[in-house]
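# Remarks on the overall topology
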Amino acid sequence: MAAQHPTAAVLLCEVVMEILSWIPAKPVTRLKLVCKSWNSIISHPHFVKLHLHRSPKNAIVLSTLTPPFPNKEEKQSLVLSSVESFIQNPSSTVDAQENRHSLHLQDWVLDSCNGLVCVARLLFHPNNDITDICFRLLNPLTGFISENSPCLRVNVNNVFGFGYDESSDSYKVVTFIRDSSGTVTAQVYSFRGSSWKTINSFPAFPYCVEANGQFIGGSLNWLGVRNPHGDDYHWAAVTLDMLIIFSFDLKSDTHKQILLPKGINEIPRQEPTLGVWGNRLYLLYDYKNTHFIAWQMKEFGDENSWTQLLKISFHHLGVETLFPEFIFENGNIFMLRGRHCFEEVFYDRRDNSVKRTNILANNCYFIAFDYVESLVQPC
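I will try to describe carefully the structure that is included in this document. Note that this is a predicted model, so its numbers are computed, not measured.

What counts, and where the lines are drawn
- Residues numbered from 1 in each chain as written.
- Predicted model: local features only at pLDDT ≥ 70, side-chain atom pairs only at ≥ 80, totals over all residues.
- Heavy atoms only, no water.
- Helix = DSSP H or I, 4+ residues; strand = E, 2+ residues; numbered from the N terminus.
- Buried < 20%, exposed > 50% of the residue type's maximum accessible area, 1.4 Å probe, protein only.
- Contact = heavy atoms within 4.5 Å.
- Pairing = 2+ DSSP bridges.
- Axes fitted to C-alpha atoms, helices over the stretch in contact; angles between N-to-C directions.
- Salt bridge = Lys/Arg side-chain N within 4 Å of Asp/Glu carboxyl O.
- Polar contact = N/O pair within 3.5 Å; in protein donor to acceptor, adjacent residues only side chain to side chain.
- Phe/Tyr/Trp six-rings, centres within 6.5 Å; stacked < 30°, edge-to-face > 60°.
- Lys NZ or Arg CZ within 6 Å of the ring centre and 35° of its normal.

### A word on the environment of S81
Here S81 shows up in strand 2 (residues 75-82). What makes S81 buried here is its relative accessible area of 11%. Sequence separation between S81 and V94 is 13 residues; the distance between their C-alpha atoms is 8.9 Å. When sequence neighbours within four positions are dropped, the list of residues in contact with S81 reads A59, I60, F86 and T93.

Shown next as structure tokens:
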């Protein structure tokens with residue numbers, strides 16, 4: 001046979017790349033075995049980014065802890081699921097053995113971004129206020145595991161965030177540390193680098209140490225308090241003018257403050273929650289222990305784009321108290337924790353329907369994270 005013309009070969013490669021880029025991540029990994037050229041195409045960074053861009057944003061990853069049943073050991077796992085399957089049958093999804101990946105009991109899942117899950121390993125000291133912590137990245141679909149970051153010594157007054165810096169094509173972890181004098185510093189680690197970078201002087205501090213930074217628009221975002229003093233303060237002492245959204249830009253290592261919606265005229269009784277779904281930022285909170293309110297920022301960074309998405313009574317939800325947990329389907333379905341720690345409430349604002357379920361049968365807890373199946377394996 002005559003040798004293939006170089007132009008024809010290039011065109012054929014582009015056609016194959018175009019077709020493969022629409023195939024879901026799990027089967028496309030198996031197609032690497034078809035031939036060397038397909039393996040080369042699928043492994044190429046350009047293809048990985050193209051495939052990620054075209055992957056459907058309809059999955060979640062669950063971090064679960066299984067208690068030590070008789071004759072069974074305590075286990076921590078990651079469970080991959082489609083959003084549809086989870087909403088239809090959450091209990092079966094959490095307990096499913098399929099698409100389950102084991103973690104160490106000392107691991108803590110920080111967040112997920114572009115198909116990568118950031119996992120922290122905690123090494124506790126006899127002094128319970130001090131912990132050494134290191135991070136690694138997992139791609140549960142491909143089996144990729146990065147090297148650990150250098151260990152960082154932290155105290156109880158830390159918050160964390162994980163996201164992607166497109167300008168440097170790097171994944172980063174950020175933690176903020178506040179000392180007893182009220183001084184706030186940031187520690188930033190890039191998985192393309194080899195050490196933590198310290199950034200000083202922040203006039204606001206994320207107030208809730210249990211809340212991870214919400215990644216959107218190249219930045220990590222927390223609810224914060226302006227000019228906090230000391231190493232401890234209470235929500236009851238926070239006023240509305242002190243409360244802001246603290247936004248840290250992963251490209252420039254700079255920060256800005258985003259104002260809350262103008263329609264909020266009094267401090268919520270309980271701490272609000274930030275959430276992200278479909279490239280939109282949400283502010284969720286309990287209003288006077290009678291209603292659940294959700295605000296949506298339609299254009300990230302534009303304070304004038306805040307819109308009150310819903311205000312629904314606890315009576316309609318069938319709860320006396322709740323805690324916002326997750327947002328699905330472009331802000332149409334909200335998952336809320338109800339009166340009991342095992343009770344989950346799903347509210348669909350499209351038809352005003354409510355679904356309550358006791359979701360935990362064989363697990364101590366679960367936490368849901370937004371997820372997209374991808375081939376990403378950073379250097």
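Past the structure itself, the notes keep going.
### Here we look at the sheet that holds strand 19 (residues 280-287)
Within the open sheet, the four strands sit side by side as 18-19-20-21. Their pairing is antiparallel. Of all the strands in the sheet, the pair left with one neighbour each is strand 18 (273-277) and strand 21 (306-313). For this sheet, the mean inter-axis angle between neighbouring strands, taken without regard to orientation, is 25 degrees. Here seven bridges tie strand 19 to strand 20 (residues 291-297), and the two strands are oriented antiparallel to one another. Counted as the bridge partner of L284 is A294 from strand 20.

### Quick word on the pattern of salt bridges
When the charged atoms of two side chains lie near each other, side chains of opposite charge can form a pair. Inspection of the entire model under this criterion finds twelve salt bridges. Across the pair R350 and D348 runs a salt bridge whose closest N-O atoms are separated by 3.0 Å. The buried category is assigned to D348, whose relative accessible area is 13%. Taken together, the salt bridges that share partners define one network made up of K49, D169 and R192.

### Comments concerning the side chain of Q187
For Q187, the location among the structural elements is in strand 11 (residues 184-190). Judged by relative accessible area, which is 12%, Q187 ranks as buried. In terms of polar contacts, Q187 uses its side chain to reach the side chain of T198, at 2.9 Å. Contact partners of Q187, with chain neighbours within four places excluded, come to L152, V173, V174, T175, I177, W196, K197 and T198.

### Some details on the packing of aromatic side chains
Think of a pair of aromatic rings as described by two things: how far the centres are apart, and how the planes are tilted against each other in angle. Scanning the entire structure with this criterion turns up 20 aromatic pairs. With 5.7 Å between their ring centres and 85 degrees between their planes, F176 and F248 make a pair best called edge-to-face. Of the two residues, F176 sits in strand 10 (residues 170-178) while F248 sits in strand 16 (residues 243-249), which places them 72 residues apart along the sequence. Take F176 and F248: they sit in the same class, and that class is buried. The interplanar angle of 85 degrees and the centroid separation of 6.5 Å between the aromatic rings of Y282 and F334 together place this pair among those described as edge-to-face. Of this pair, Y282 sits in strand 19 while F334 sits in strand 23 (residues 333-337), and the two are 52 residues apart along the sequence. Judged by relative accessible area, which is 0%, Y282 ranks as buried. F334 gets classed as buried once you look at its relative accessible area, which sits at 0%. When the ring centre of F346 is taken as origin, the NZ or CZ atom of K355, which lies over that ring, is 5.9 Å away.

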